[in-house]
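Spelled out from the first residue to the last, the chains are:
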Amino acid sequence: MEQNIDAPLAERIRPKKLEDYISQQHLVGATGSLTQQISRGVIPSLIFWGPPGTGKTTLAEIISHESNRPFYILSAINSGVKDIRDVIEKAKKSNDIFSTKNPILFIDEIHRFSKSQQDSLLSAVERGIITLIGATTENPSFEVIPALLSRCQVYTLNPFGKEDLLQLLDRACKIDIILKTKKIDIQETEALLRISGGDGRKLLNAFELVINTFGDKDVVITNQKVLDVIQKNTVLYDKTGEQHYDIISAFIKSIRGGDPNAGVYWLARMIEGGEDVKFIARRLLILASEDIGLANPTALIMANNTFQAVTTIGYPESRIILSQCVIYLATSPKSNAAYSAINQAQQLVKETGDLSIPLHLRNAPTKLMKELGYGKEYMYSHNYPGNFVEQDYMPDEIKGSRLFEPGDNAREKEIKENLKKKWGNTYDY
């Protein structure tokens, strides 16, 4: 296997044949569905869904190689509708559309494509001009349009297990053009495995970094050496690592705390790190109800509109929309009353179980139910002044349980006064 010595280790030892592919035995084992499809030479359009570094790109290349098909590759990060159309035109010229050997178009990070970009693939996939293989780290049910998803088989790729990762290290030492010239003694692997987090590419990158740091012909790998090297070379932002969770935590806490400057700063950190805009927008949607809620109900509308907008637009313009939303949410009045109410309600349900529904609140579609008193004493609110009449809506065992506590902001103070007038005797507002 010819290797480019200037390429990273993960690229140098990328397998070209199915028999060299490590992990994902549920797909490529002896009875795996992909193994069977490749052997028959009939490859459907596919979506590979799995974490980074689990072999999605490699598997697509192997499928193309073993099925002897032309292979085109696009990245959703820097490709648009024009690029897709150019590839489709090339595919039309390269093969008869009725052939089972139609070209494969591999799209990395297909979840980053907007709806219009995904729409541009539909006709070519449906007519068999191309076989689409998309790779995504996001749930395709949410990120791939239904029309395209229905034309693809979705296969889930799992993080590499310990044995897979050890096998990957062993293979690298044996076949890599640079590593096989060195005497490498791997005495401990725990640190490498922990750093990898099931990501094969990350494991190989870390391994190569340690090897290059010591640089001698004889290299001894220990946990301490790995940690010493990696800690000095920590990346600024890792979408799947600890910093991912720490930065999103700082982001949410800044907005919750009413600091638009810090909110925009942490937003910029995520944008510069290549974070998925829809992940950011989803977190803003949650925050709009959890931390603002009834204090400013328009916040949820703003966050939802932001999610819809960035889903359509993508980077780089979506950064402006996200910035606007972050500033709006950070400067909105805050309340977690709705969040607290549902938490308390769920806890009450867990403690009290399935309490009987009061008879007057039950539905009475049949004569028997009416005879049993279902709905008999129910008072229809619209028949009373102000469209309100005081009656019991809770089961008897928990009657008067106050779950909603209005916050100390202008809007919820007004809500509290209204509740006090209506329910003061029942809930003691």
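These numbers come from a predicted model, not from an experiment. (Residues numbered from 1 in each chain as written. Predicted model: local features only at pLDDT ≥ 70, side-chain atom pairs only at ≥ 80, totals over all residues. Heavy atoms only, no water.)

Chemist: Help me understand the packing of helix 9 (residues 162-175) against helix 11 (residues 200-214), please; the structure alone is not making it clear to me.
Modeler: The relative placement of two packed helices is expressed as an angle between their axes plus a distance between the axes. Contact geometry for helix 9 and helix 11: axes closest at 10 Å, N-to-C directions at 45°. The pairing of helix 9 with helix 11 is recorded here as oblique in orientation. By crossing handedness, the relation of helix 9 to helix 11 is classed as right-handed. For the pair helix 9 and helix 11, the contacting residues are Leu165, Leu168, Leu169, Ala172 and Cys173 in the first and Gly200, Leu203, Leu204 and Phe207 in the second. Looking at side-chain class alone, the contact of helix 9 with helix 11 contains eight nonpolar, one polar and no charged residues. (Axes fitted to C-alpha atoms, helices over the stretch in contact; angles between N-to-C directions. Helix = DSSP H or I, 4+ residues; strand = E, 2+ residues; numbered from the N terminus. Parallel < 35°, antiparallel > 145°, perpendicular 65-115°, else oblique. Left-handed = near helix turned anticlockwise from the far one by under 90°. Contact = heavy atoms within 4.5 Å. Nonpolar A, V, L, I, M, F, W, Y, C, P; charged D, E, K, R; others polar.)

Chemist: When you look at the packing of helix 15 (residues 277-292) against helix 16 (residues 298-313) in this model, what are you seeing that I'm missing?
Modeler: The geometry of helix 15 relative to helix 16 is characterised by a closest axis approach of 9 Å and an angle of 175° between their N-to-C directions. Of the possible angle classes, the one that applies to helix 15 and helix 16 is roughly antiparallel. Residues Val277, Lys278, Ala281, Arg282, Leu284, Leu285, Ala288, Ser289 and Ile292 of helix 15 lie in contact with helix 16, whose contacting residues are Ala299, Leu300, Ala303, Asn304, Phe307, Val310 and Thr311.

Chemist: Explain the packing of aromatic side chains to me, please; I cannot follow it from the model alone.
Modeler: The geometry of an aromatic ring pair is captured by the separation of the ring centres together with the interplanar angle, meaning the angle of the planes. For the structure shown, the criterion picks out six aromatic pairs. Taking the centre distance of 6.1 Å and the plane angle of 70° together, the rings of Tyr393 and Trp423 count as edge-to-face. Of the two residues, Tyr393 sits in the loop between helix 19 (367-371) and helix 20 (410-427) while Trp423 sits in helix 20, which places them 30 residues apart along the sequence. Tyr393 sits in the partly exposed class, given a relative accessible area of 35%. Aromatic rings pair up to connect Phe388, Tyr393, Trp423, Tyr427 and Tyr429 into one cluster. A cation over a ring is seen here: Lys225 above Phe214, with NZ or CZ 4.8 Å from the ring centre. Against the face of Tyr374 rests Arg362, its NZ or CZ located 5.1 Å from the ring centre. (Phe/Tyr/Trp six-rings, centres within 6.5 Å; stacked < 30°, edge-to-face > 60°. Buried < 20%, exposed > 50% of the residue type's maximum accessible area, 1.4 Å probe, protein only. Lys NZ or Arg CZ within 6 Å of the ring centre and 35° of its normal.)

Don't take any of this as a statement about function, it's just geometry.
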